[in-house]
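# Overview (structure and organization)
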Number of protein chains: 2
Amino acid sequence: MSLRHGLLGLLAEGPASGYDLTQHFQTALGTVWPAQHPKIYAELTRLAEDGLIEVESLGPRGRKAYRITGSGLVEIRRWLAEEPVDHTLRQEPLLRAFFFWLMTPEQLDAHLRQEAAFFSAAAEQLRSFAAAKDRGEFGSAPPTQSVRIAIEAGIRLYGALAEWAEWARDAPPVLPERPGAEIID
Amino acid sequence: MSLRHGLLGLLAEGPASGYDLTQHFQTALGTVWPAQHPKIYAELTRLAEDGLIEVESLGPRGRKAYRITGSGLVEIRRWLAEEPVDHTLRQEPLLRAFFFWLMTPEQLDAHLRQEAAFFSAAAEQLRSFAAAKDRGEFGSAPPTQSVRIAIEAGIRLYGALAEWAEWARDAPPVLPERPGAEIID
DNA sequence: GAGCGCATGTAAAGGGTTACATGATTCT
DNA sequence: AGAATCATGTAACCCTTTACATGCGCTC
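Just so it is clear, the structure is predicted and the values come from calculations on it, not from any experiment.

## Quick look at the protein's contact with DNA strand D
Around DNA strand D, 21 residues are found, and the nearest of them are Met1(A), Gln36(A), Arg61(A), Tyr19(B) and Tyr41(B). A distance of 3.4 Å separates a sugar or linking oxygen of DNA strand D from a polar side-chain atom of Arg61(A). Ranked by the residues each element gives to the surface near DNA strand D, the list is headed by helix α4 (residues 37-49) of chain B, at 3 residues. Looking at the surface near DNA strand D, its residues break down into 10 nonpolar, 5 polar and 6 charged.

## Notes on the environment of Gln91(A)
Mapped onto the elements, Gln91(A) comes out in the loop between α5 (70-82) and α6 (92-97). Using a relative accessible area of 3% as the deciding quantity, one classes Gln91(A) as buried. Those residues in contact with Gln91(A), other than ones at most four positions away along the chain, are Leu161(A), Val32(B), Trp33(B), His87(B), Thr88(B) and Leu89(B).

## What about the confidence of the model for chain A?
Residue-level pLDDT values for chain A average 93, and 92% of them are 70 or greater. Throughout residues 177-185 of chain A the model reports pLDDT below 50, and contacts reaching past four residues in sequence, or to other chains, amount to 13 contacts.

## Looking at unusual backbone geometry
Residues and elements named next belong to chain A. Although it is not a glycine, Arg-61 sits at a positive phi angle of roughly 55°. By the secondary structure assignment, Arg-61 is in the loop between β2 (53-58) and β3 (64-68). Taking relative accessible area as the criterion, Arg-61 reaches 84% and is therefore assigned exposed.

## With respect to the pairing of β3(A)
Residues and elements named next belong to chain A. Judged from the 2 bridges that link them, strand β1 (residues 16-17) and β3 form a sheet pairing that is antiparallel. Within β3, the position partnered with Ser-17 by the bridge is Ala-65. The sheet contact formed by β2 and β3 spans 5 bridges and is antiparallel. Considered in β3, the bridge of Ser-57 is made with Ala-65. Where β2 folds back on β3, the antiparallel hairpin that results is connected by 5 residues, among which Arg-61 adopts a positive phi of roughly 55°.

## Digging into the nonpolar core
Of all hydrophobic cores here, the largest spans 112 residues; its most connected members are Phe25(A) and Phe25(B). When neighbours within four sequence positions are excluded, Phe25(B) is seen to be in contact with Leu3(B), Gly6(B), Leu7(B), Leu10(B), Gly30(B), Trp33(B), Ala35(B) and Ile40(B).

## Let's talk about helix α1 (residues 2-11) of chain B
With 10 of its 10 residues buried, α1(B) lies for the most part within the structure. Within α1(B), the full set of buried residues consists of Ser2(B), Leu3(B), Arg4(B), His5(B), Gly6(B), Leu7(B), Leu8(B), Gly9(B), Leu10(B) and Leu11(B).

## Observations concerning the sheet that holds strand β3 (residues 64-68) of chain B
Residue and element names in this part refer to chain B. Read across the open sheet, the 3 strands follow the order β1-β3-β2; overall the sheet is antiparallel. The open sheet terminates on both sides in strands that have one partner only, identified here as β1 (16-17) and β2 (53-58). Across the face of the sheet, α1 comes into contact with β1, β2 and β3 while running at roughly 90° to β3.

## Let's talk about the packing of helix α7 (residues 105-134) of chain A against helix α8 (residues 142-170) of chain A
All names here are of chain A. Between α7 and α8, whose axes approach to 8 Å, the crossing angle comes to 155°. With respect to α8, the axis of α7 lies roughly antiparallel. Between α7 and α8 lies a crossing whose hand is left-handed. Residues that form the contact of α7 with α8 fall into these classes: 16 nonpolar, 4 polar and 9 charged.

## Describing the relation of the copies chain A and chain B
Screw-axis analysis of chain A against chain B gives a translation of 0.0 Å along the axis, an RMSD of 0.0 Å, and a rotation angle of 180°. Considering both components of the superposition, the chain copies are consistent with a two-fold axis. In terms of proximity to the rotation axis, the leading residue of chain A is Leu157(A), whose C-alpha is 3.0 Å off the axis. A high fraction, 100%, of the interface residues of chain A reappear at the interface in chain B, so the copies pair face to face through one surface.

## Things to note about the packing of aromatic side chains
Residues and elements named next belong to chain A. Under the defined criterion, the tally for this structure stands at 8 aromatic pairs over all chains. Relative to Phe-119, the ring of Phe-118 lies with its centre 5.5 Å away and its plane at 80°, an arrangement referred to as edge-to-face. Look at Phe-118 and you get partly exposed, because its relative accessible area is 33%. Exposure remark for Phe-119: the relative accessible area of 2% places this residue in the buried category. Clustering of aromatic rings is evident, with ring pairs tying together Phe-118, Phe-119 and Tyr-158.

## Quick notes on the sheet that holds β1(A)
All names here are of chain A. One open sheet accounts for 3 strands, arranged β1-β3-β2; its pairing is antiparallel. Strand pairing shows two members of the sheet lacking a second neighbour, β1 and β2, which therefore form its edges. Seen against the sheet, helix α1 (residues 3-11) touches β1, β2 and β3 and runs at an angle of roughly 90° to β3.

## Some points on the interface of chain A and chain B
Between chain A and chain B, the contact holds 76 residues from the first and 76 residues from the second. Of the roughly 7,600 Å² buried at the junction of chain A and chain B (both faces included), carbon and sulfur atoms supply 69%. On the surface where chain A and chain B come into contact, there are 0 salt bridges. Run the count over chain A and chain B and you get 22 residue pairs in polar contact (both at pLDDT 80 or more). Residue assignment for the side of chain A that touches chain B shows that the elements contributing at least two residues are α1, α3 (28-32), α5, α6, α7 and α8 of chain A. In terms of residue count, α8(A) provides more of the side of chain A that touches chain B than any other element does, 19 residues in total.

Each value, and the rule that gives it
- Residues numbered from 1 in each chain as written.
- Chains lettered and ligands numbered in written order.
- Predicted model: local features only at pLDDT ≥ 70, side-chain atom pairs only at ≥ 80, totals over all residues.
- Heavy atoms only, no water.
- Near = heavy atom within 4 Å.
- Polar contact = N/O pair within 3.5 Å; in protein donor to acceptor, adjacent residues only side chain to side chain.
- Helix = DSSP H or I, 4+ residues; strand = E, 2+ residues; numbered from the N terminus.
- Nonpolar A, V, L, I, M, F, W, Y, C, P; charged D, E, K, R; others polar.
- Buried < 20%, exposed > 50% of the residue type's maximum accessible area, 1.4 Å probe, protein only.
- Contact = heavy atoms within 4.5 Å.
- pLDDT = per-residue confidence, 0-100.
- Pairing = 2+ DSSP bridges.
- Core = buried A, V, L, I, M, F, W, Y, C linked by side-chain atoms within 4.5 Å.
- Axes fitted to C-alpha atoms, helices over the stretch in contact; angles between N-to-C directions.
- Parallel < 35°, antiparallel > 145°, perpendicular 65-115°, else oblique.
- Left-handed = near helix turned anticlockwise from the far one by under 90°.
- Least-squares fit on C-alpha atoms with pLDDT ≥ 70 in both.
- Phe/Tyr/Trp six-rings, centres within 6.5 Å; stacked < 30°, edge-to-face > 60°.
- Buried area = accessible area lost by both parts, 1.4 Å probe.
- Salt bridge = Lys/Arg side-chain N within 4 Å of Asp/Glu carboxyl O.

Okay, here's the thing in structure tokens:
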């Protein structure tokens, strides 16, 4: 149930509408915590019901901006400081790795090349984003500093995966005992 | 819907019961793809209905072992080779990083210390597991080699996160423009 | 005035976790 | 005999995604 706190955290920076928040969850935040608009709108309604946020203003096209309340701020801080961290890792690319032995060497090499390319590109994109931050393009307010730290984690994560995929490509050759035996069903 | 293929992949190694598979998903596999027994039993039933696996034997205490079928093997290989990889990353620890600026310096330091400890321990555990594999304690059959590769990814991932947490601890000090202003609500 | 982007929502279905429920076998 | 472990399953709930649905406002 972290989307709730993700929204609360974003609203701690200032008022925003469901639409605004959806944009956030489609860029930087979305890389580590994906969320689509139906869930966001629903959760905002619940947060308002619980008094953690409130409607700040109504704008054109039915726009509804929310503002975090005092209890909302208390709640996000409580969550950050007291709630145990959920370290769950769920990575399809790593699940697949357990079954690499079912692929032909050609398939595996092609796969790992694609994976390495994907992860390198992801790392690179974050790196250029971080560089812009470091150049001061987004100011140096505390939220911006935190985004910089979060991005650093992404850079290191994707970097590690890219290197892993390259390592896996040539390092341990998968040699069936009876060559080809596993490939025929 | 990758649990389906996770089960198929495990059954490609040999027959197993829902209970056996649950154990698998609580150790190595579980680190990258958690799954609980209710989902596993349900999915096994569906896989059997679809003819991708079949009951191999009935044992004591109602034990029901499944075996992968020809079409099951075709399906897992098709998935590995053709189905696009889902790169979704969802990491609560990284979501929290976006909101570090809402924590007091003391809270943040304590938090990062705990995180670093957690990730180091996770990496270390996988490292010793990998060392056992490298000593040949589990043989050198193709599935074992793949497990080794998967574990290597986990080691690098957790290692990167551990280093990140250490880096974040002392690197960029979060200095509010008006000291303390953001901490009071 | 056509098209795009802004803006919000509902409904249905899928995927996963937790709690509940039960019983057999093995080990001490 | 009692405890631990093996073993399977159902029910309720939660979270998330995808598809459907609608309409306003701005720009060309």
